[in-house]
Structures are given as structure tokens and as C-alpha cells.
Amino acid sequence: DGSLEVRSLRSLHQQQALHRSLAGCVVGSTYMRQHLIAHGFDPERVHTVPLFAGTPDAAAPEPTDDDSVETYLLFVGQLTRGKGLDILLHALAHLPEPVPLAVIGDGPQASEYRDLAMRLGLDDSVVFLGRRSPGFVTRMYRKSTVLVLPSRTPETFGLVGVEAMSHGLPTIAARVGGIGEWLEDGFTGLFFESGNVPELAACVERLWTNPAEAHHLGAAGQRACQDRFTPERHADALLDVFSTLVERRPGFRSGHA
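Attention in this report is confined to the structure presented alongside it.

### Here's the deal with the pairing of strand S4 (residues 101–104)
Then step 1. Burial along S4 is two-sided: Leu101 and Val103 facing one way and Ala102 and Ile104 facing the other are all buried.
Then step 2. Examined bridge by bridge, strand S3 (residues 72–76) and S4 share four bridges and lie parallel to one another. Looking across to S4, one finds that Phe75 is bridged to Val103.
Then step 3. A crossover connection joins S3 to the parallel S4 through helix H3 (residues 85–93); in handedness this β-α-β unit is right-handed.
Then step 4. Bridge count between S4 and strand S5 (residues 126–130): four bridges; the pairing is parallel. Each bridged residue has a counterpart across the sheet, and for Val103 the counterpart in S5 is Phe128.
Then step 5. At this point the chain moves from S4, through helix H4 (residues 110–119), to the parallel S5, and the crossover so formed is right-handed.

### Observations regarding the packing of helix H6 (residues 159–166) against helix H8 (residues 211–228)
Then step 1. Look at H6 against H8: their axes get within 7 Å of each other, and the N-to-C directions meet at 105 degrees. With respect to each other, H6 and H8 are oriented roughly perpendicular. Only Gly218, Gly221, Gln222 and Cys225 of H8 make contact with H6, whose side of the interface consists of Val162, Met165 and Ser166.
Then step 2. Class assignment of the residues belonging to the contact of H6 with H8 gives a composition of three nonpolar, four polar and no charged.

### Focus: the packing of aromatic side chains
Then step 1. Counted by the stated rule, this structure contains one aromatic pair.
Then step 2. Ring geometry for Phe157 versus Phe229: centroids 6.1 Å apart, planes at 70 degrees, classification edge-to-face. One end of the pair, Phe157, is in the loop between strand S6 (144–149) and H6; the other, Phe229, is in the loop between H8 and helix H9 (231–248), and 72 residues separate them in sequence. The two residues Phe157 and Phe229 agree in class, both being buried.
Then step 3. The side chain of Arg132 reaches across the aromatic face of Phe136, ending 4.3 Å from its centre.

### Some thoughts on the environment of Pro100
Then step 1. Position of Pro100 among the secondary structure elements: in the loop between H3 and S4.
Then step 2. Taking relative accessible area as the criterion, Pro100 reaches 16% and is therefore assigned buried.
Then step 3. Between the C-alpha atom of Pro100 and that of Asp124, which follows or precedes it by 24 residues, the distance is 8.3 Å.

### Re the sheet that holds S6
Then step 1. Overall, parallel pairing links the six strands, which are arranged S5-S4-S3-S6-S7-S8 in an open sheet. Edge positions in the sheet fall to S5 and strand S8 (189–192), since each has one partner strand and no second. This sheet shows a mean twist of 20 degrees between the axes of neighbouring strands, independent of strand direction.
Then step 2. When S3 meets S6, the two strands line up parallel, connected through three bridges. Its bridge partner lying in S6, Tyr72 is registered against Ser144.
Then step 3. Contacts between helix H5 (residues 134–143) and the sheet are confined to S3, S4, S5 and S6, with S6 contributing the most and set at about 110 degrees to the helix.

### A short note on the packing of H3 against helix H7 (residues 197–208)
Then step 1. Across the interface, H3 lies against H7 with an axial gap of 8 Å and an inter-helix angle of 65 degrees. By the angle between their axes, H3 is roughly perpendicular relative to H7. For the element pair H3 and H7, the recorded crossing hand is right-handed. In this structure, H3 contributes Ile87, Leu88, His90, Ala91 and Leu92 to the contact, and H7 contributes Val197, Leu200, Ala201 and Val204.
Then step 2. Along the lines of polarity and charge, the residues of the contact of H3 with H7 split into eight nonpolar, one polar and no charged.

Reading the values: the criteria
- Residues numbered from 1 in each chain as written.
- Predicted model: local features only at pLDDT ≥ 70, side-chain atom pairs only at ≥ 80, totals over all residues.
- Heavy atoms only, no water.
- Buried < 20%, exposed > 50% of the residue type's maximum accessible area, 1.4 Å probe, protein only.
- Helix = DSSP H or I, 4+ residues; strand = E, 2+ residues; numbered from the N terminus.
- Pairing = 2+ DSSP bridges.
- Right-handed = clockwise from strand over helix to strand, strands pointing away.
- Axes fitted to C-alpha atoms, helices over the stretch in contact; angles between N-to-C directions.
- Parallel < 35°, antiparallel > 145°, perpendicular 65-115°, else oblique.
- Contact = heavy atoms within 4.5 Å.
- Nonpolar A, V, L, I, M, F, W, Y, C, P; charged D, E, K, R; others polar.
- Phe/Tyr/Trp six-rings, centres within 6.5 Å; stacked < 30°, edge-to-face > 60°.
- Lys NZ or Arg CZ within 6 Å of the ring centre and 35° of its normal.
- Left-handed = near helix turned anticlockwise from the far one by under 90°.

Here it is in C-alpha cells:
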């Protein structure tokens, strides 16, 4: 909504101190767990419970006006510098043939990225779709060949990649933050070093020109998602954490509330 929140360092330290006093903290990735431990949290009190993707909705998504291209490279996220859309645009400009890219999301750099696409000569192959409904995003997962997460800054988990994976869509992602906890390089997708435009361009060309490999990676990712990142597994892991915390409570005796 364009609003800006200003928080003092003192209030942040006070909030961290409050959280450190809790019996336990639950985070969505090992990356976040290590981050908290580095800020003084007790390792015994920080529990990792991976996030999950919902069951793919079989209902027909809403109609769209973007059916002129059959398949897409896909970007889903905020249009901010940290998400690295400009890195992807520069990578596309390196390719010998145009690759259609659909961009879902909005943000403070939206107009800047539209201008960049035009300057790079990509205005005929890149479509900016803005914010869209979950049903629309589901449709685009099904229409696309590859999802790209070109992040500059560490992702705490990168849930959009797991959501895409649940639909059988492989991901090309920057090797940052918690993404490595669900993306297996060469098995469910491809990694590139964050900010490395030629390497990203090579990954895009590899999967775009080899749909069989993209399909193989996507199918492996879908199986991994069904095994590891379901709501049921998430709920079971949370219950295990809560049981552990209850058992550690002073005066706890098994069989008693």
C-alpha cells in the first residue's frame, strides 16, 4: 500500500530479547534457525518446521487474456531490488532467441523494470501481469515451463518455489538463504550464483530448449513436494514441537495435563 514503517534499533533489540525468553521458537528453515542462533537464541529452543504447499486446486482457474503464448518462463514475487527481476531481464537479453516471460507481482520498482525491459529490447516478450489471484497464479504454474527465483538477498525459505513444485514446475533459483532446503540442483531444478547473469542465461536456455529435462525435473520436484512439504507433515512436525515443549515444562508428568 506504499506505507513505510520506521522502527528503532532499541525496539528491535527489545523484541529480540522478548523472543529469546520464550520456551521455544518455530522457524520455517534451517537458514532461519542458524540466523536466530547467531543472534543469541538458545539452539535448544529454536525448532525448524518447513513450510508447505497446499494441495493443487483442480478447479478451473479464472480466464485470462494472455493465451497468445502457449508457455512461459515465470517470475512470481514483489518487484523490489532484492527479488532480482532485473538480473533475470539482463539474462534474457543474453539469449540468442526471445524467451517469453510472465511477471506476476507489483512493487516499488515496477515502472523501473518495465523501462528496463524496453531498453533491453524485451518489450515484445515480457508481459507484466501485476498482482493476481491465487487461481490465476495456479493457471500460470500450469502454463509455464520454468519458474525463476533470481533473488539478490537471502530468501528465508522461498515458498513460491515449493508451490510451483507442487504443480510439477521446475525452478531455476539463486543459491541464497533457505532455497537449498527444497531445491536439489540437477534433480528438482537448477541453481545459479546470485547476480551471475551469464550463468542464469545458460540455465534458462538449457531448460527452455530441453522441455524433456524440464519435465523430468518438475516431476521429481512434485514427488519431493508430496513427500516432504504437505500440510499434514507440517502439522505433525508442529505437534512434535509442542509435545517437546510440554515435556520440558517444570513439573510435567506423563499422562497429566
